[in-house]
Structures are given as structure tokens and as C-alpha cells.
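A structural walkthrough
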Amino acid sequence: MDENLSIVFKALGHPIRRRILDILKQSPKTTGELHEFFPEVTRYAIMKHLKILEEGNLVLVRREGKYKRNFLNAVPLQEVHNRWVGKYMETTASSLLNLQSAAEQKGGKETMANTKDFHIEQEVFISASREDVFKALTEKAGDWWEFRIAPKEVSSHFTFDPVPGGLFMEKWGENEGAVWGNVYYVNAPEEIRLHGHLGMRGAVNSAYTYRLLEKEGGTLLQLSHSASGILQEQWEQEHAKGWEYLLGTLLKNYVEN
């Protein structure tokens, strides 16, 4: 754990690398697109910085045709957060950040902007077999999936049928519930794809994929989540943080412990 943290802190130790993460937070970029933000340095230097970020697992690289696109992976940052920030400290810190943000905005007014789409890529290593991780993601999702759509005053439970046409569903009452995902592709235990709004409302098209890769000592779980339509500005950040917490904390702890 400490060795991994050392690699993360090394990756964060240069201002250009921190700026790269700020840029990738907004949207994924190719190396050429990133270089345009840094005219004072060479393309080769940007490639070296990206390599260090990739070694720290803060950047994920995905090939799209003849290009390689770089995505922010915030899971290691969430692990740092989990180590030093407890849930009670988190509430206080969040309140102070909200106060700071309101004070810095003109007149304290918040603005909402619609965006066309977002794409989230994350990965987390879990010390367990692919079969165990796949089962936890699907049939056992109700044991660790913490988010709920049901009214707070009622209890709910989850069902997940990991077959084409199956539903990932939250139910409460006799005829009340919500569908979190519709399964449209399964290749167990390697991959499962779903359509699902995941809490977003309105004219939104959203899909997410779990990929499970065998790694020495366990499984590398890769998440891809894409959404398009009438999206509120904060939804991408909220879903990125939500996935980090669900997969990097809740699922990982559930499977490993």
C-alpha cells in the first residue's frame, strides 16, 4: 500500500503533471491535444509526464483507431482520501469547500450548464478471482451497492440477473422500484454491459461496462461509463466520485474482506 502511495505522490510531484490531470478531468485527450496546452515544452516531455502518470495509475490509456486517448483515473486519489479523511472529517471539509466556492463566485450565484456528453474510465485492482468479482458485481450487488433511489423512510433490496435482457433492479413495496441497468451483453466472467440512467433524469442516454482482466494475484476491474443528452454540469463529477466509492471502496472491501 505504502509503495503504491509513493508512486502516486511521485506522479503528483510536478506542476505539469498536476495540470495534465486538471485537463483530463474535463475530458479525455490524445497526447497531441495535451501538447497544445503546453507550447513551452516538447511533445517528448509531455509523453514522459504521461508515462509517469500512467505508472501511478492516475492516467488510463485507451486506443481509439490510430490514436491513443488518455483518461483520468481518480481511484488512487480516492484511496489516499480514504486513508486520511474519515467520514466525519469529510462532512466538515465538504462544508468548508462549499463555503469557499460560494464566496468566490460573484454574488454567491451558482450557474448550471448543460453538456452534451461525458465519458468516465476507471480501474481498480481486487485481490480475488474474476469469478468472485463478477459474482459480487452481479448476483451479490445488493450486499455492497450503497446508493438507493427508494425514499429514505422505506427499505429496499436489489436483484441483478446477469443474462442478456436481465435487469439490475431496486425494489421496495409491492409494485414500486427502479431499474438501475438493462443488460445487453454478457461474456461471463470477462465482461458485462448495461444501459442505465444511474440516477440521472430527463433526456439522457447512459451505458456502462465492467471488464475483468486476470492479473497476478487478482483481478483488474475496468469501468467505462458514457452518457449523452441534457446533462447537468455536476453529473460527471458526481458519477466519477460515485464510481470511485462504489468500486474502489465498497466492492473492493466486500470482495477482499
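Counting restarts for each chain, with residues numbered from 1 along the sequence as it is written. pLDDT decides what is reported in this predicted model: residues at 70 or higher carry local features, side-chain atom pairs at 80 or more are listed and counted, and totals for whole chains, interfaces and linings draw on all residues regardless. Side-chain calculation: all heavy atoms of the structure are included, whereas hydrogens and water are not.

Comments concerning the sheet that holds strand E2 (residues 59–64)
If you walk across this open sheet you meet the 3 strands as E1-E3-E2, and the pairing is antiparallel. The two strands at the open ends of the sheet, each matched to only one other strand, are strand E1 (29–30) and E2. DSSP-based pairing: two strands are paired if at least 2 bridges between them are found. Secondary structure is summarised from DSSP: a helix means a run of H or I of at least four residues, a strand means a run of E of at least two, and numbering begins at the N terminus for each. Sheet analysis places E2 next to strand E3 (residues 67–72), joined by 6 bridges and oriented antiparallel. Residue pairing in the sheet places Leu60 in a bridge with Phe71 of E3. Docked against the sheet, helix H2 (residues 15–26) engages E1, E2 and E3, running at close to 95 degrees with respect to E3. Contacts are assigned to residue pairs with any non-hydrogen atoms lying within 4.5 Å of each other. Under this scheme, a helix contributes an axis fitted over its contacting stretch, all axes are lines through C-alpha atoms, and angles between N-to-C directions fall in the 0 to 180 degree range.

Some remarks on the side chain of His239
Mapped onto the elements, His239 comes out in helix H8 (residues 235–256). Each residue is placed in one exposure class: buried if its accessible area under a 1.4 Å probe, protein chains only, is under 20% of its type's maximum, exposed if it is over 50%, and partly exposed if it falls in between. According to the relative accessible area criterion, His239 is buried, its value standing at 12%. Each residue touching His239, except ones within four places of it in the same chain, is listed here: Ile120, His197, Leu198, Met200 and His225.

With respect to the pattern of salt bridges
Any two side chains of opposite charge can pair, given that their charged atoms come close. Every case where a carboxyl oxygen of Asp or Glu lies within 4 Å of a side-chain nitrogen of Lys or Arg is listed as a salt bridge. For the structure on display, the rule yields 9 salt bridges. Between Arg62 and Glu123 there is a salt bridge, and its shortest N-O distance comes to 3.7 Å. Here Glu123 lies in strand E4 (residues 115–126) and Arg62 lies in strand E2, a separation of 61 residues in the sequence. The same class applies to Arg62 as to Glu123, namely buried. One salt bridge connects Arg69 with Glu64, and the closest N-O pair in it is separated by 2.9 Å. Take Glu64: its relative accessible area is 38%, and that puts it in the partly exposed class. Connected through shared salt-bridge partners, Glu33, Glu64 and Arg69 make up one network.

Some details on the packing of H2 against helix H4 (residues 43–55)
Look at H2 against H4: their axes get within 10 Å of each other, and the N-to-C directions meet at 75 degrees. Between H2 and H4, the angle falls in the class roughly perpendicular. On the side of H2, the interface is formed by Ile16, Arg17, Ile20 and Leu21, while H4 contributes Ile46, His49, Leu50, Ile52 and Leu53. Taken together, the residues that form the contact of H2 with H4 break down as 7 nonpolar, 1 polar and 1 charged. Should an angle fall under 35 degrees it is called roughly parallel, over 145 degrees roughly antiparallel, and 65 to 115 degrees roughly perpendicular, with every other angle called oblique. Here the term charged refers only to Asp, Glu, Lys and Arg, the term nonpolar to Ala, Val, Leu, Ile, Met, Phe, Trp, Tyr, Cys and Pro, and the term polar to all other amino acids, Gly among them.

Concerning the nonpolar core
By size, the foremost hydrophobic cluster in this structure holds 38 residues, and its most contacted members are Trp144, Trp145, Tyr210, Trp243 and Leu247. By residue number, the principal contributor to this core is H8, which donates 8 residues. With sequence-adjacent residues up to four places away left out, Trp243 is seen in contact with Ile120, Gln122, Trp145, Leu198, Tyr208, Tyr210, Leu223, His225 and Gly248. Definition of nonpolar core: a set of buried residues of the types Ala, Val, Leu, Ile, Met, Phe, Trp, Tyr and Cys, connected through side-chain atoms within 4.5 Å. Counting 15 residues, the second-largest nonpolar core is a separate cluster that includes Ile20, Leu34, Val41 and Ile46.

Topic: the packing of helix H7 (residues 130–137) against H8
The interhelical angle for the contact between H7 and H8, taken along N-to-C directions, is 120 degrees, at an axis separation of 10 Å. The orientation of H7 with respect to H8, classified from their angle, is oblique. Remark: the crossing between H7 and H8 carries right-handed chirality. Here H7 contributes Val133, Ala136 and Leu137 to the contact with H8, which in turn contributes Leu247, Leu251, Tyr254 and Val255. What makes a crossing left-handed is the near helix being turned counterclockwise from the far one by less than a right angle; a clockwise turn instead makes it right-handed.

So, the confidence of the model for the chain
Confidence of the prediction at every residue is given by pLDDT, a number between 0 and 100. The pLDDT averaged across the chain works out to 86; a share of 86% of its residues lies at or above 70. In the model of the chain, helix H6 (residues 87–104) stands out as the element of lowest mean pLDDT, 53, in contrast to H7, which has the highest, 97. Counting interchain partners and residues more than four positions distant, the pLDDT-below-50 stretch residues 108–115 has 13 contacts.

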